[in-house]
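Residues per chain are reported as follows:
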Amino acid sequence: VQLQASGGGLVQAGGSLRLSCAASGSIERINSMAWYRQAPGKQREMVAGISTGGRTDYSDSVEGRFTISRDNAKTTVYLQMSSLMPEDTAVYYCNVDVVAFGTSVRFWGQGTQVTVSS
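As the structure is a computational prediction, the values presented were derived from the model and not from experiment. (Residues numbered from 1 in each chain as written. Predicted model: local features only at pLDDT ≥ 70, side-chain atom pairs only at ≥ 80, totals over all residues. Heavy atoms only, no water.)

Examining the pattern of salt bridges
All chains considered together, the criterion is met by 5 salt bridges. Of the charged contacts, one joins Arg37 and Asp88 as a salt bridge, the two residues approaching to 2.9 Å between their closest N and O atoms. Taken together, the positions of Arg37 in strand 4 (residues 29–38) and Asp88 in the loop between strand 8 (76–81) and strand 9 (90–100) put the pair 51 residues apart, joining distant regions of the chain. Looking at Arg37, the relative accessible area reads 6%, which means it is buried. Judged by relative accessible area, which is 1%, Asp88 ranks as buried. Where Arg55 meets Asp57, a salt bridge forms, and the shortest distance between an N and an O atom there is 2.9 Å. A residue is classified by how much of its surface remains accessible, and Asp57, at 34% relative accessible area, is partly exposed. Members of the salt-bridge network, linked through shared partners, are Arg37, Glu45, Arg65 and Asp88. (Salt bridge = Lys/Arg side-chain N within 4 Å of Asp/Glu carboxyl O. Helix = DSSP H or I, 4+ residues; strand = E, 2+ residues; numbered from the N terminus. Buried < 20%, exposed > 50% of the residue type's maximum accessible area, 1.4 Å probe, protein only.)

Encoded structure:
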C-alpha cells in the first residue's frame, strides 16, 4: 500500500491550500482517513479525520477553517485549508486505515510541508 500526498507549499497568512493524499496498492477497503501535522519542536497532532460513513472531526485549532473530504471511491482524502495562519506551519501527514488481506493496518503518507508567512 502506498500513500501519495501532495499540495503543500508556501502561502501568505489568510490564504488557502488544498492537500491531497491518494492510496493505492492491494486494498480491500479503506476505513477512516485523517490528516495530522507536526510543527518543529512539537508533537504530531491530529488535525482532521473522516470516517467510512463520512463523519468528520476537527481539532479546535482548525475547526471552521479546514475541511476534510474524500472522493467517491474513498481512496483519496483531501484537506481544504482556508484562512491560514502562521501557526498552521507544519509538515502535514495523511493517515489511512487500510484493510488488506483481511488485516487492518494504518499507513502514513510521506508528509508535505505547509509554510504560512505573516
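A short note on the sheet that holds strand 8
Spatial ordering of the open sheet is given by 1-3-8-7, a layout of 4 strands whose pairing is antiparallel. What marks the edges here is a single partner per strand, and that holds for strand 1 (2–6) and strand 7 (66–70). If you compare each strand with its neighbour and ignore which way they point, the axes differ by 15° on average. Bridge count between strand 7 and strand 8: 5 bridges; the pairing is antiparallel. Across the sheet, the residue bridging to Phe66 is Met81, located in strand 8. (Pairing = 2+ DSSP bridges. Axes fitted to C-alpha atoms, helices over the stretch in contact; angles between N-to-C directions.)

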